[in-house]
Amino acid sequence: MSAFFPLWRRELGAYVRTSIGYVAGTFFLAIAGLGLWRQAAQLAQTAAEGDLTQNLFGTSVYWLALLVATPLLTMRLFAEERRSGTLETLLAAPVTETQVVLAKFAAAYAAFLLLWLPTLAYAAILRACGAN
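Residues numbered from 1 in each chain as written. Predicted model: local features only at pLDDT ≥ 70, side-chain atom pairs only at ≥ 80, totals over all residues. Heavy atoms only, no water.

Student: Whenever I open this one, the nonpolar core confuses me. Can you help?
Tutor: Nonpolar side chains in soluble globular proteins tend to end up buried together. Ranked by size, the top nonpolar core spans 25 residues in total, and within it Leu12, Tyr15, Phe28, Leu73 and Leu126 carry the most contacts. Elements with a minimum of two residues in this core: α1 (4–17), α2 (19–45), α4 (60–74), α7 (97–116) and α8 (120–129). The element that contributes the greatest number of residues to this core is α2, accounting for seven residues. Non-local contacts of phenylalanine 28, meaning those with residues more than four positions away in its chain, are made with Tyr62, Ala65, Leu66, Ala69, Leu115, Trp116 and Thr119. Ala3, Leu7, Val95 and Ala103 belong to the second-largest nonpolar core, a separate cluster that totals seven residues. (Core = buried A, V, L, I, M, F, W, Y, C linked by side-chain atoms within 4.5 Å. Buried < 20%, exposed > 50% of the residue type's maximum accessible area, 1.4 Å probe, protein only. Helix = DSSP H or I, 4+ residues; strand = E, 2+ residues; numbered from the N terminus. Contact = heavy atoms within 4.5 Å.)

Structural data, given as structure tokens:
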């Protein structure tokens, strides 16, 4: 597993160096922010029904953001290797296919978790608006 961390670091860095990480992040945060805005506007008019988590993360707008952001992050993993011509070199390197796949998966998952970090503030914002 000594090759896992360099591969993971390379893939995670690719999200920062290329535009796809920024596109996915911007889209996800814009749609999630729209859901937050709608929820805050609703709380300003009436009291919240149900719990905060359901009101924030159970909306169809939020799931639309997840539905689009996830493929944006994952489609580039092997397609970019194939497009740039480095897939053959990567698979011929002294690493196993399992290490390559796990490193790419872990990098996509880490990038996805980084998208969630700004949404942690949403609960505090909604609590200030009067949500339960």
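This is not the end of the story, as more comes after the structure.
Student: Honestly, a nonpolar patch on the surface in this entry has me stumped. Any pointers?
Tutor: A cluster of nonpolar residues, Phe105, Tyr109 and Leu113, forms a patch on the protein surface that exposes about 330 Å² of accessible area. Among the secondary structure elements, tyrosine 109 is positioned in helix α7. (Patch = residues over 30% accessible without salt bridge, like charges linked within 9 Å, V, L, I, M, F, W, Y side chains within 5 Å. Areas by Shrake-Rupley, 256 points an atom, 1.4 Å probe, with all protein chains shown as cover. Salt bridge = Lys/Arg side-chain N within 4 Å of Asp/Glu carboxyl O.)

Student: Sorry if this is basic, but what is going on with the pattern of salt bridges here?
Tutor: Side chains carrying opposite charge are able to pair once their charged atoms draw close together. Applying the stated criterion across every chain yields a total of two salt bridges. The salt bridge partner of arginine 10 is glutamate 11, with a shortest N-O separation of 3.1 Å. Residue arginine 10 is classed as partly exposed on the basis of its relative accessible area, which comes to 35%. Overall, glutamate 11 belongs to the buried group, its relative accessible area being 2%. The closest approach of N and O atoms between lysine 104 and glutamate 11, which form a salt bridge, is 2.8 Å.

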